[in-house]
Amino acid sequence: MARPDGNNLKHYLGLILLCLVLYLPGLTTLPPVDRDEARFVQATRQMLESKDFVQIRFQNKPRNKKPIGIYWLQAAAVTITGSSRTNQVWPYRLPSLLGALAAVLLTFGFGKNLFDQKTGLLAAILTASSLLLVVEAHQATTDAALLATVVAAQGSLGNLYVRARRGEAVGWGMPILFWTAQGIGILIKGPITPLVSLVTILTLMAVDRQVSLLRTLRLHLGIPLVAVIVCPWAIAITLATDGAFFSDALRSDLLPKLISGHESHGFLPGYYLLLVALTFWPGSLFLGPALRQAWKRRSGMGERFCLAWVIPVWLVFELIPTKLPHYILPIFPALSLITARLLLTGTKDAWDLSRWGLARVGFVLWVLVSVVLAAAIVAFPVYIDGRFDMLTLWPALATVLLLILTAWNAFRGRLMEAAIAAVILAVLVLAPTLHVIMPNADGLWLSRSVARAVERHGESVSGLPPVVAAAGYHEPSLVFLCGTDTKLVNAPQAALHLRQNPSGLALIRERKDDLFHKTLSGSNGSVLLLETIKGFNYTKGKRLTLNLYGRPNK
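Notes on the structure in this doc start here. No experiment lies behind these values; they were computed from the predicted model shown.

1. Here's the deal with the pairing of strand β3 (residues 468-471)
In step 1: Here β3 shows two buried faces, one formed by V468 and A470 and the other by A469 and A471.
In step 2: The pairing of β3 with strand β4 (residues 487-489) spans three bridges and is parallel. Counterpart to A469 in the pairing with β4 is K487.
In step 3: Between the parallel pair β3 and β4, the chain is carried across by helix α21 (residues 476-482), and the sense of this crossover is right-handed.

In structure tokens, the structure reads:
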């Protein structure tokens, strides 16, 4: 990547500011999200508690799914911020925020080399504001950090591809960056980064009918470099688990996703195509015409590389039976580059709202998505808590005003002005929603409500909080917020916990109350109902009533 001059530096600083405006709101106010995020942060906390930085556990069970990389990054963030003894989730989210930020800056850095400065800058803005990346930047999971490795790998690959096609000399910097990104990507999420690069390389070699790109990668250097990055932990975890980590990861996580819809996440091909109007919003307004224009210009090196990045990766994920919205995130920077090219160099025919083409269909879908988002924000606290939140009128009003502005500019063919209005819309809608509206919906965050009730009613023993035994509500966020010793048990076991631990607490789902009290009856095991907590368990789509019990002699 070229060394930034003064103008580039201003662009980098502007992008950092945009990312902070999009990613900081909600980072500290949103509670841990079930179930993936809560499992990641709890496993990291246990890593810090046990000082075992090789094995990954959730309570007493091995978590042999994802590699160690994200846990190390989260542990470092928690240690640096001095938050290891709290149940605050925001320090665990810092690697995701920084990963999203890095992906955006890399999109600009490599995009301006692949095309030009304006294209790289606009693509970075579209990537930064895409709804899916904003969501992932707020969660302590793998995907935002993974995206940074994907963009580093693909950006360096694109640089090498252009140089190879031009017959220019290739140094060592880009190959080293490419292979380093592969190694780190493997440590974060296994095969995803290598998969994206591999299908891109194979597509380019098939289309160009030459293998010069392979020579520029310096395989003799790269493969040993990846081994140096990955093998120390791979060997350590193999020895620590007698090989169980990799066998479990393949048998219980990877292969089921490739064979069938794993954990009820199976969908037919076309799933990501249907969702892209939402996940790539607000840039999805221009995506259809942008892809068509890129296809027409596929003889150009930049367009060809982006299409080789987008099309095969998209097809691979559409064909895999298990589908989750964030799986397609690795192609978003390429989609942004293609879209930026339309906005900056598109012809009048490429964007024509006077007839029913890709532009008009995309425009109608985009308007529908925007309206649904605004309506959902207003309806959200009403549905969850049965109350109207005046603050929701702000994103709703912003949506109406900026929809009009965006539509006006789009119909007049002023695409850049329409894009700017769309990005401003994303900021004005997402920032208050993530920072205030969603966190204030108490009914959505059952585990947080339970943790607050435990603080109100629990008496510490030797400076430690009371141990909670939960029956009928086993969400990972409860373990993170109430402590690693939280017991996820059945109703009789919760009753036994109270009998054996006078200072303990029992959290019982209402429909399991009878069994809980039946177990206690006749055993001198009377309990006191301390608090009833009601809310919506979004992981199961059900409303729950939870009763918190303690011993009356506490």
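From this point, the narrative continues.
2. A look at the nonpolar core
In step 1: One finds Y23, F286 and I331 to be the most contacted residues of the largest nonpolar core, which totals 138 residues.
In step 2: The contact partners of F286, leaving out residues within four places of it in the chain, are T339, L342, L343, W351, L415, A418 and A419.
In step 3: Grouped together as the second largest cluster of nonpolar side chains are 25 residues, V78, A140, A453 and L548 included.

3. Examining the sheet that holds strand β6 (residues 528-537)
In step 1: Taken together, five strands build an open sheet; the order of strands is β4-β3-β5-β7-β6 and the sheet is mixed. Every interior strand has two partners, whereas the edge strands, β4 and β6, have only one. Pairwise comparison of adjacent strand axes, ignoring direction, gives a mean angle of 20° for this sheet.

4. Some points on the environment of L425
In step 1: By the secondary structure assignment, L425 is in helix α19 (residues 415-437).
In step 2: Since its relative accessible area comes to 1%, L425 is described here as buried.
In step 3: A C-alpha to C-alpha distance of 9.4 Å links L425 and V400, two positions 25 residues apart in sequence.
In step 4: Ignoring sequence-local partners within four residues, the contact set of L425 consists of W281, W366, S370, A398, T399 and L402.

5. Here we look at the pattern of salt bridges
Two side chains bearing opposite charge may form a pair once their charged atoms approach each other closely.
In step 1: Taken as a whole and assessed by the stated rule, the structure comprises 15 salt bridges.
In step 2: For R35, the salt bridge is made with E475, and the minimal N-O distance between the two is 2.8 Å. Taken together, the residues R35 in the loop between α1 (6-23) and α2 (36-50) and E475 in the loop between β3 and α21 connect sequence positions 440 residues apart.
In step 3: Linking D442 and R448 is a salt bridge whose minimum nitrogen-to-oxygen distance equals 2.7 Å.
In step 4: Since its relative accessible area comes to 38%, D442 is described here as partly exposed.
In step 5: Relative accessible area serves as the criterion here: at 13%, R448 is assigned to the buried category.

6. Considering helix α5 (residues 117-129)
In step 1: Between its first and last C-alpha, α5 extends 19 Å over 13 residues, near the 18 Å set by a 1.5 Å rise per residue.
In step 2: The element α5 is largely enclosed, with a buried count of ten among its 13 residues.
In step 3: Along α5, the residues classified as buried are T119, G120, L121, L122, A123, A124, L126, T127, A128 and S129.
In step 4: Among the residues of α5, the N-terminal cap falls to D116, whose side-chain oxygen and the backbone nitrogen of K118 are separated by 3.2 Å.

7. Re unusual backbone geometry
In step 1: Going from D34 to R35, the amide bond is cis rather than trans, its omega being -5°.
In step 2: Look at the link from W281 to P282: it is a cis peptide, with omega at 10°.
In step 3: Its location among the elements puts P282 in the loop between α13 (271-279) and α14 (287-296).
In step 4: Look at K51: it is not a glycine, yet its phi comes out positive at around 60°.
In step 5: With respect to the element layout, K51 can be found in the loop between α2 and β1 (57-58).
In step 6: Its identity is not glycine, yet R209 carries a phi of approximately 60°, on the positive side.
In step 7: With respect to the helices and strands, the residue R209 is situated in the loop between α9 (192-208) and α10 (212-216).

8. What to know about the packing of aromatic side chains
In step 1: Tallying each qualifying case throughout the model produces 18 aromatic pairs.
In step 2: Aromatic ring contacts, followed pair by pair, group Y161, F305 and W309 into a single cluster.
In step 3: The side chain of R45 reaches across the aromatic face of F480, ending 4.3 Å from its centre.
In step 4: Here the basic side chain of R63 rests over the ring of F40, its NZ or CZ set 5.0 Å away from the ring centre.

9. Some details on a nonpolar patch on the surface
In step 1: On the surface, a cluster of nonpolar side chains totalling about 440 Å² of accessible area is made up of L250, L254, L255, L258 and I259.
In step 2: One can find I259 in helix α12 (residues 244-259).
In step 3: Under the relative-accessibility criterion, I259 is labelled exposed at 65%.

10. Comments concerning the layout of surface pockets
In step 1: When its volume is computed, the largest pocket comes out at roughly 1,900 Å³.
In step 2: Classifying every residue of the lining of the largest pocket gives 24 nonpolar, eleven polar and 15 charged.
In step 3: If you add up the space inside the second largest pocket, you get close to 910 Å³.
In step 4: For the second largest pocket, the lining is made up of 28 residues, of which E49, L464, P465, C482 and G483 are closest to its centre.
In step 5: Those elements giving two or more residues to the lining of the second largest pocket turn out to be α2, α20 (446-457) and α21.
In step 6: Classifying every residue of the lining of the second largest pocket by side-chain character gives eleven nonpolar, eleven polar and six charged.

11. A look at the packing of α13 against helix α15 (residues 301-319)
In step 1: Their axes nearest at 9 Å, the elements α13 and α15 cross at an angle of 115°. Listed contacts from α15 to Y271, Y272, L273 and V276 of α13 are W314, F317 and E318.
In step 2: The residue makeup of the contact of α13 with α15, split by class, is six nonpolar, no polar and one charged.

What counts as what
- Residues numbered from 1 in each chain as written.
- Predicted model: local features only at pLDDT ≥ 70, side-chain atom pairs only at ≥ 80, totals over all residues.
- Heavy atoms only, no water.
- Buried < 20%, exposed > 50% of the residue type's maximum accessible area, 1.4 Å probe, protein only.
- Helix = DSSP H or I, 4+ residues; strand = E, 2+ residues; numbered from the N terminus.
- Pairing = 2+ DSSP bridges.
- Right-handed = clockwise from strand over helix to strand, strands pointing away.
- Core = buried A, V, L, I, M, F, W, Y, C linked by side-chain atoms within 4.5 Å.
- Contact = heavy atoms within 4.5 Å.
- Axes fitted to C-alpha atoms, helices over the stretch in contact; angles between N-to-C directions.
- Salt bridge = Lys/Arg side-chain N within 4 Å of Asp/Glu carboxyl O.
- Expected span 1.5 Å × (residues − 1).
- Polar contact = N/O pair within 3.5 Å; in protein donor to acceptor, adjacent residues only side chain to side chain.
- Phe/Tyr/Trp six-rings, centres within 6.5 Å; stacked < 30°, edge-to-face > 60°.
- Lys NZ or Arg CZ within 6 Å of the ring centre and 35° of its normal.
- Patch = residues over 30% accessible without salt bridge, like charges linked within 9 Å, V, L, I, M, F, W, Y side chains within 5 Å.
- Areas by Shrake-Rupley, 256 points an atom, 1.4 Å probe, with all protein chains shown as cover.
- 1 Å grid on protein atoms, 1.4 Å probe; cavity = no way out; pocket = protein on both sides within 12 Å on 5 of 7 lines; lining within 4 Å.
- Points joined across faces, edges and corners; volume = space filled by probe spheres on them.
- Nonpolar A, V, L, I, M, F, W, Y, C, P; charged D, E, K, R; others polar.

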